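# Commentary on secondary and tertiary structure
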4 protein chains.
Amino acid sequence: MPETLIKVDLNQPAPSNENVHNRWHPDIPMACWVNPGDDFVLETYDWTGGFIKNDDSADDVRDIDLTTVHYLSGPVGVKGAKPGDLLVVELLDIGAKQDSLWGFNGFFSKKNGGGFLTEHFPQAQKSIWDFHGMFTTSRHIPGVKYAGLIHPGLIGCLPDPAMLETWNTREQALIDSDPATSGLANPPFAGTAHMGKLKGDAAAKAAATGARTVPPREHGGNCDIKDLSRGSKIFFPVYVDGAGLSVGDLHFSQGDGEITFCGAIEMAGWVHMKVSIIKGGMAMYGIKNPIFKPSPIVPTYNDYVIFEGISVDESGKQYYLDVNVAYRQACLNAIEYLKKFGYSGAQAYSILGTAPVQGHISGVVDVPNACATLWLPTQIFDFDINPSAAGPTKFIDGSVQMPLSPDLI
Amino acid sequence: MPETLIKVDLNQPAPSNENVHNRWHPDIPMACWVNPGDDFVLETYDWTGGFIKNDDSADDVRDIDLTTVHYLSGPVGVKGAKPGDLLVVELLDIGAKQDSLWGFNGFFSKKNGGGFLTEHFPQAQKSIWDFHGMFTTSRHIPGVKYAGLIHPGLIGCLPDPAMLETWNTREQALIDSDPATSGLANPPFAGTAHMGKLKGDAAAKAAATGARTVPPREHGGNCDIKDLSRGSKIFFPVYVDGAGLSVGDLHFSQGDGEITFCGAIEMAGWVHMKVSIIKGGMAMYGIKNPIFKPSPIVPTYNDYVIFEGISVDESGKQYYLDVNVAYRQACLNAIEYLKKFGYSGAQAYSILGTAPVQGHISGVVDVPNACATLWLPTQIFDFDINPSAAGPTKFIDGSVQMPLSPDLI
Amino acid sequence: MPETLIKVDLNQPAPSNENVHNRWHPDIPMACWVNPGDDFVLETYDWTGGFIKNDDSADDVRDIDLTTVHYLSGPVGVKGAKPGDLLVVELLDIGAKQDSLWGFNGFFSKKNGGGFLTEHFPQAQKSIWDFHGMFTTSRHIPGVKYAGLIHPGLIGCLPDPAMLETWNTREQALIDSDPATSGLANPPFAGTAHMGKLKGDAAAKAAATGARTVPPREHGGNCDIKDLSRGSKIFFPVYVDGAGLSVGDLHFSQGDGEITFCGAIEMAGWVHMKVSIIKGGMAMYGIKNPIFKPSPIVPTYNDYVIFEGISVDESGKQYYLDVNVAYRQACLNAIEYLKKFGYSGAQAYSILGTAPVQGHISGVVDVPNACATLWLPTQIFDFDINPSAAGPTKFIDGSVQMPLSPDLI
Amino acid sequence: MPETLIKVDLNQPAPSNENVHNRWHPDIPMACWVNPGDDFVLETYDWTGGFIKNDDSADDVRDIDLTTVHYLSGPVGVKGAKPGDLLVVELLDIGAKQDSLWGFNGFFSKKNGGGFLTEHFPQAQKSIWDFHGMFTTSRHIPGVKYAGLIHPGLIGCLPDPAMLETWNTREQALIDSDPATSGLANPPFAGTAHMGKLKGDAAAKAAATGARTVPPREHGGNCDIKDLSRGSKIFFPVYVDGAGLSVGDLHFSQGDGEITFCGAIEMAGWVHMKVSIIKGGMAMYGIKNPIFKPSPIVPTYNDYVIFEGISVDESGKQYYLDVNVAYRQACLNAIEYLKKFGYSGAQAYSILGTAPVQGHISGVVDVPNACATLWLPTQIFDFDINPSAAGPTKFIDGSVQMPLSPDLI
């Protein structure tokens, strides 16, 4: 039986667990050490540390303090790992905690985090998903069942001071480029920082510059790549002695883009992993960002309805080869389509955020329109969503809706 | 045997064929008519109408006049199709012309078209690909063989006058928004317009406003979606009586994004298709852009090395959730990786443009970094490109290179 | 363009074509020679040489003289191939002849060939299948459409005299073991033998011992393996100088077992192939029978209803680990199931013979019952054949039936 | 959290657990009851009830008393299930017990059980497999790692008295048909029967006629179908009120045929399942044996080396369309092939028994030779097993071998 090196107690606040942290900083002490070749288990909180509840109100989604996320388990030191190496991580298995067989998805208020379609869905909404072995369903979104493509939304190694400085500098430059716009990037914020085993002045000092965990960066981090699923094998750049691997933000299922932002189907759980080292691997393979091999065990969905979008926005404005605009249109097109079968727009949006939909960068050179495609698997629906000459049937009667919590004044 | 409704003679110039056109305009007469339920064959030129030759010089790629493209076969009128309907097109089969079993790929000069990585590959280069039944190899890029994911880069129906006006207006607005930058969009250009059967003044008048074929738009058009492959089924919006379906720009194989722009593996060939109509389908299904069902017969490649990219550019500049920047980084990361196995950068770039690589919009909400992934199928290589502790082997010795034609002063 | 080395004219009788033969014998002269590394095209008759017609009567299926089959194109000599080598054959592409875009399936009369379920379907029946690009449908069997898994039913190299002698001896021993039962094996029969370019006495002499083409043997031959499809790569044992590769019996689609015997969806067509040699490969790899690599381009059907069968026959008799009995039960179970949706038994049987159904040897050690499974792809049906609490719907109304020709007295 | 309705303690003998039984008989009382729609967990012993140990001796495999198997958990009563219904079982998830993360495979002595290739491997041998999350490797068989296709080898409902009588009668008839041959079938044997909660005289009476669990039968039972994996959905015939569902014989991985007989990779574990009922489903769908839908989450291995076998045995004897003989030859061909890479024959045999190899009934009508194919996935090997002109490399050096325990005199 592999050893569980980090445990989390869902009844205790995440900040009280010193094997957990919510910032990236080279001074965070290793929570534990392993040898290359070891396999072991790390338990994790959900990304919010338990703030979002299994209930029928979206108040928690509306009210969350996003400076607190993400609560990560680690860092795990790997003996012998040196800067310039590649840390090879095999995700042998991942699961939910047995006392927490559910997850959540939602949209943040436009005033507090937003999401990919926040202009269309500006208020906080939530759906709860129950896990049935390898499958999930929601009491708020009828008619769909997914086989879980379980993965960590966030995994990576500690930065060294130079890398950290690079991150903070370039992100601050973006913030400074447009002071009138809030939320362009999230600078360090000491107030809610949890620096693991680091205590006292050292913790305060590190917290002042500790990088926020929201964006993916050179080390991987919060990539939210659905295909980093259990069974996959990842090659991470190493920046500090011992590598310092941390993981969290587990997802039971997610679509490409994680467009709902609050998030995928978010859960507390555990990761069983094995680590090894490729000495000098960064230079040998020319690695800047992580690379990975996909899992040999994934949902085999292969029938889709595919939606196209181009880089002309909802108002008809033309953009130059902008994949974001194109993908947004493909998503909106899919939502309109699903509404014809009876889903509310919010439910359709949630499906795109939680089901294993694919988002492809289909064409990116045909001036001025980028073309993106959204692949909606048909096999997740209890009914037939294919187009036909007869037209769509309203299988969903609208009696079930997602909780919504309007912004407080 | 299905009837070949449009024939092309590769020894005759494309503009001499009146069943071919290179602009979108509602006045272009139908080249032929069919009934719903009919299946038939259309032959097509390659997108350049034969300008690019099967030789070892990139001069043609450098010197091409891009106002001439794309030469499309059609429009085909479908009896009974009315605005608001969906035209259902089943791509029953697609192939190269038997007297032209080869294709080309290349990069345009930065001064004449460019491409996704034109800053890195600013000069014209070309590779020629030979077809061996369902497979292709190149004499300019050793060590790879692909099973063809054959598809039309360009297919769609004629716009009505209002739609055409919308296109021209919004694209001109983009051009006007930054007059100092050329190539933001391509306005109508009568000089090289070929309006099919339309002749004389009527042709000249239509040519003056005929939309260029380069961008994908609401009608589909030049989507360059590799998965619109033979066997797929597409649902096109109809804007004019008879629909007016045209097709061209056939690709033997292409990667997501068609990043090399000159293009995929471009070929002359034929399309065997069947058409039917869903009356009033646009409103019934809420359709703005085409939707489609993928083919049940596609290459089964499912082992990949996957590269991540984030929206920080090569110079270290931070962008806000920009998928284009992120995908560019993933592509550059893959190129660096392939160079370790002996490929030139240009060869690696060509592989990404021509092989059935996937480009996924992996994360698009984690401020400020978008995350994109590029999936490189390992099974297309004659050797093992997986990372290992032993490091990469230089299987490619550099003795074979791609033709390059420097810009003329 | 690859050269077509052997042509067949469907308007001329197969026996008049000297590049065709219907027996295996080392004395049959090579029809043509190629070099290792060459790729080329061979045209083929359907296996009956055109005896079965595209009409609505099964008389031809009832009346066929099975001593005439199979008409094979070849043998092709490969320069340098020696006994003990492996001949590597890449099936680059396969298609129907453009003047013959249809195929047939049927059941022979129990009195003339029979089939796997001949006790249940003892009379001659036939269905005709039209090809629509990569797809096929039948005017005799509504509600199904298959993407073609196109393959040669029969391909292999010439035996040497010793191998031929082995075949004839062991098959005669089987015939002799039970003289009262006809059809246990088919001995040489000179009357209808066609020995290719061999003429006169030499032809007569060889015909007297030329092995019939019906069974698969060590050289491959009539394996009827649906997965030897276009795109696959086969490694054949070589017994004679030049190998002597022959091919025929093309199938547009077939299920595992080819249970209907008359046959798959049988067609005339062409094979584009490439050959090379592994010197001494038989000993190096311990090869007795051919081995092969599957095609990377195959129908992606992956949703099935799976039927179990055990080795207890229809009468309740217990057999000892007999996979044939078990598979027969699985087939009969599937037929009963399909009848609930409105198909006749004959139509259901035809579907199992022609669709890309899988037949698995699931358990073969659990005394006394073997267990076999038949995998019926759901995606070939126009309607939903999954079981549900509501019970089956009779989508097929019985108005269309397969031609049947009763035995003549 | 789903309730665990049946627990097993691996430190206690299986016969001491009254929620376990090792015979089929309608009088066995339900171990527990559930409602349609319930999901729940059953723990199970390995099929031998813990007799085979995690060590390096095959003595236990040699010495096992096969009258004791299989120890099944159940029967579970489903309220409302009536004879003629279909019991729908969704296998939501399956895993090994956390205190027993290993499994075994082996060959029985020819004198005690044997196996598919017992003439070639007549002595007891064993291999132990360790589980690493979703993967498994063996310390006795180097160079392979499998993603687990986890499934129950044995699952089904209780027979009614008439069905039981049918089984016993027909199996006894087989035994009686050839008294000189032992092991044709296994008649009831009271000595080692464990009848669950049934006690005293009632137990003794039932044990006298309780059907052995070895063969698959109409109710499913010991089908050893690898594709009944976690995620699949099975439709079982119901014969008694409450259905009486039992399950056991869990496999971490297995090849088609379970040719090694001692078994797949056998393990103790748990099954999370959900049950529902289709009233009158047997008649509605014409069901005699179970049918099932495959799992949407399975290993995606799709690259194979495929071996053919025909129904001529090792001595050259010709059989009439005998799939067993053909599959045996395909297996032997694969073993010879693997030996060229350094494996012992026993190791190769074990790989065929434990890896997710496919066994297809490829041709079953081409008199007199059946053709079977064995599909060996290449992606399970640490090295390249594809054939090439260079010949095979001995990657395996023979330093690791499987334990063998010779028969005692």
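Reading the values: rules and limits
- Residues numbered from 1 in each chain as written.
- Chains lettered and ligands numbered in written order.
- Predicted model: local features only at pLDDT ≥ 70, side-chain atom pairs only at ≥ 80, totals over all residues.
- Heavy atoms only, no water.
- Domains from an automatic or database assignment.
- Contact = heavy atoms within 4.5 Å.
- Buried area = accessible area lost by both parts, 1.4 Å probe.
- Helix = DSSP H or I, 4+ residues; strand = E, 2+ residues; numbered from the N terminus.
- Buried < 20%, exposed > 50% of the residue type's maximum accessible area, 1.4 Å probe, protein only.
- Axes fitted to C-alpha atoms, helices over the stretch in contact; angles between N-to-C directions.
- Parallel < 35°, antiparallel > 145°, perpendicular 65-115°, else oblique.
- Left-handed = near helix turned anticlockwise from the far one by under 90°.
- Pairing = 2+ DSSP bridges.
- Salt bridge = Lys/Arg side-chain N within 4 Å of Asp/Glu carboxyl O.
- Polar contact = N/O pair within 3.5 Å; in protein donor to acceptor, adjacent residues only side chain to side chain.
- Arc of directions from axis to C-beta.
- Least-squares fit on C-alpha atoms with pLDDT ≥ 70 in both.
- Phe/Tyr/Trp six-rings, centres within 6.5 Å; stacked < 30°, edge-to-face > 60°.
- Lys NZ or Arg CZ within 6 Å of the ring centre and 35° of its normal.
- Core = buried A, V, L, I, M, F, W, Y, C linked by side-chain atoms within 4.5 Å.

Attention now goes to the domain arrangement of chain A. When the parts of a complex come together, some accessible area is lost, and that lost area is often taken as the interface size. Residue and element names in this part refer to chain A. Under the domain assignment used here, chain A contains domain 1 (3–293) and domain 2 (304–400). Measuring from the centre of the C-alpha atoms in domain 1 to the corresponding centre in domain 2 gives 27 Å. On the domain 2 side, the residues contacting the 29 residues of domain 1 number 28 residues. When domain 1 packs against domain 2, the two sides together hide about 2400 Å² of surface, and 66% of this comes from carbon and sulfur.

B:Val69 connects to B:His70 through a cis peptide bond whose omega is -10°. Within the fold, B:His70 resides in the loop between helix 1 (59–63) and strand 5 (72–78). Following C:Val367, the chain continues into C:Pro368 via a peptide bond in cis, with omega recorded as 0°. Tracing the sequence through the fold places C:Pro368 in the loop between strand 21 (358–363) and strand 22 (371–377). If you check the backbone angles, A:Ala243 has positive phi at about 70° while not being a glycine. A relative accessible area of 0% means that A:Ala243 is categorised as buried. One non-glycine residue, B:Glu258, lies in the positive phi region at around 45°. Topologically, B:Glu258 is positioned in the loop between strand 15 (243–251) and strand 16 (262–267).

So, about the packing of helix 5 (residues 323–339) of chain A against helix 6 (residues 345–354) of chain A. All names here are of chain A. Direction vectors running N to C along helix 5 and helix 6 enclose 125°, while the axes themselves pass 9 Å from each other. Comparing their axes, helix 6 and helix 5 come out oblique. Classified by chirality, the crossing of helix 6 by helix 5 is right-handed. On helix 6, the residues touching Cys331, Ala334, Ile335, Leu338 and Lys339 of helix 5 are Gly345, Ala348, Tyr349 and Leu352.

Residues and elements named next belong to chain A. The buried fraction of strand 6 (residues 86–96) is high, at 11 of 11 residues. Where strand 6 lies against strand 14 (residues 233–237), five bridges are found, and the strand directions are antiparallel. Note on strand 14: the bridge partner recorded for Glu90 is Lys233. Where strand 6 meets strand 17 (residues 269–278), 10 bridges bridge the pair, whose relative direction is antiparallel. Across the sheet, the residue bridging to Val88 is Ser276, located in strand 17.

Here we take up the interface of chain D and chain A. Between chain D and chain A, the residue contacts involve 26 residues of the former and 26 residues of the latter. Summing the contributions of chain D and of chain A, the shared interface buries around 2100 Å²; its carbon and sulfur component is 70%. Applying the counting rule to chain D against chain A returns two salt bridges. Residues A:Glu90 and D:Lys145 are paired through a salt bridge, measuring 3.1 Å at the closest nitrogen-oxygen approach. Joining chain D to chain A, the criterion identifies six residue pairs in polar contact (both at pLDDT 80 or more). Secondary structure elements with two or more residues in the side of chain D that touches chain A: strand 6 (86–96) and strand 19 (297–299) of chain D.

All names here are of chain A. The buried count for helix 6 comes to 10 of 10 residues, which makes it a mostly enclosed element. Along helix 6, the residues classified as buried are Gly345, Ala346, Gln347, Ala348, Tyr349, Ser350, Ile351, Leu352, Gly353 and Thr354. At its buried positions, helix 6 is contacted by strand 7 (102–107), strand 8 (124–132), strand 10 (146–147), strand 16 (262–267), helix 5 and strand 22 (371–377).

Let us now look at helix 3 (residues 200–209) of chain B. Residue and element names in this part refer to chain B. Those residues of helix 3 not exposed but buried are Ala203, Ala206 and Ala207. Down the axis of helix 3, the smallest arc covering the buried residues is 105°, so these residues share one side. Facing away from the buried side of helix 3, by more than 90 degrees, are the exposed residues Asp201 and Lys205.

For the pair chain B and chain A, the best superposition has an RMSD of 0.0 Å and corresponds to a rotation of 180° with a translation of 0.0 Å parallel to the axis. The superposition of one copy onto the other is thereby described by a two-fold rotation axis. Closest approach to the rotation axis within chain B is made by the C-alpha atom of B:His360, at a distance of 2.3 Å. The overlap is high: 100% of the interface residues of chain B also sit at the interface in chain A, so the same surface is used on both sides.

What follows deals with the environment of A:Val61. Residues and elements named next belong to chain A. Structurally, Val61 is set in helix 1 (residues 59–63). The class for Val61 is buried, based on a relative accessible area of 0%. Separated by 344 residues in sequence, Val61 and Ser405 have C-alpha atoms that sit 8.3 Å apart. Setting aside its immediate chain neighbours within four residues, Val61 contacts Ile52, Phe107, Phe108, Asn112, Ala124, Gln125, Lys126 and Cys262.

In this section: the packing of aromatic side chains. Tallied over the full model, the rule gives 75 aromatic pairs over all chains. Sitting above the plane of the A:Phe135 ring, A:Lys145 keeps its charged end 4.9 Å from the centroid. Over the ring of D:Phe116 we find D:Arg328, and its NZ or CZ is 4.4 Å from the ring centre.

Turning to the nonpolar core, a few remarks are in order. Among the nonpolar cores identified, the biggest contains 491 residues, and A:Leu87, B:Leu87, C:Leu87 and D:Leu87 are the most heavily contacted of them. In this structure D:Leu87 touches D:Val78, D:Cys157, D:Ile234, D:Phe235, D:Phe236, D:Val238, D:Ala243, D:Leu245, D:Val275, D:Ser276 and D:Ile277, once residues within four positions along its chain are discounted.

What follows concerns the interface of chain B and chain A. Contact residues are listed per partner, giving 90 residues for chain B and 90 residues for chain A. For the pair chain B and chain A, the summed buried area comes to about 7100 Å², and 60% of that belongs to carbon and sulfur atoms. Applying the counting criterion to the chain B and chain A interface returns two salt bridges. Among the ionic pairs, B:Lys293 bridges to A:Asp303, the shortest N-O distance being 2.8 Å. Inspection of the chain B/chain A interface yields 36 residue pairs in polar contact (both at pLDDT 80 or more).

With that settled, consider the relation of the copies chain D and chain A. Copy one and copy two of the chain differ by a rotation about a common axis and a shift along it. Mapping chain D onto chain A calls for a rotation angle of 180° and an axial translation of 0.0 Å; the resulting RMSD is 0.0 Å. Of all interface residues in chain D, 100% are interface residues in chain A too; the two copies therefore contact each other through one and the same surface.

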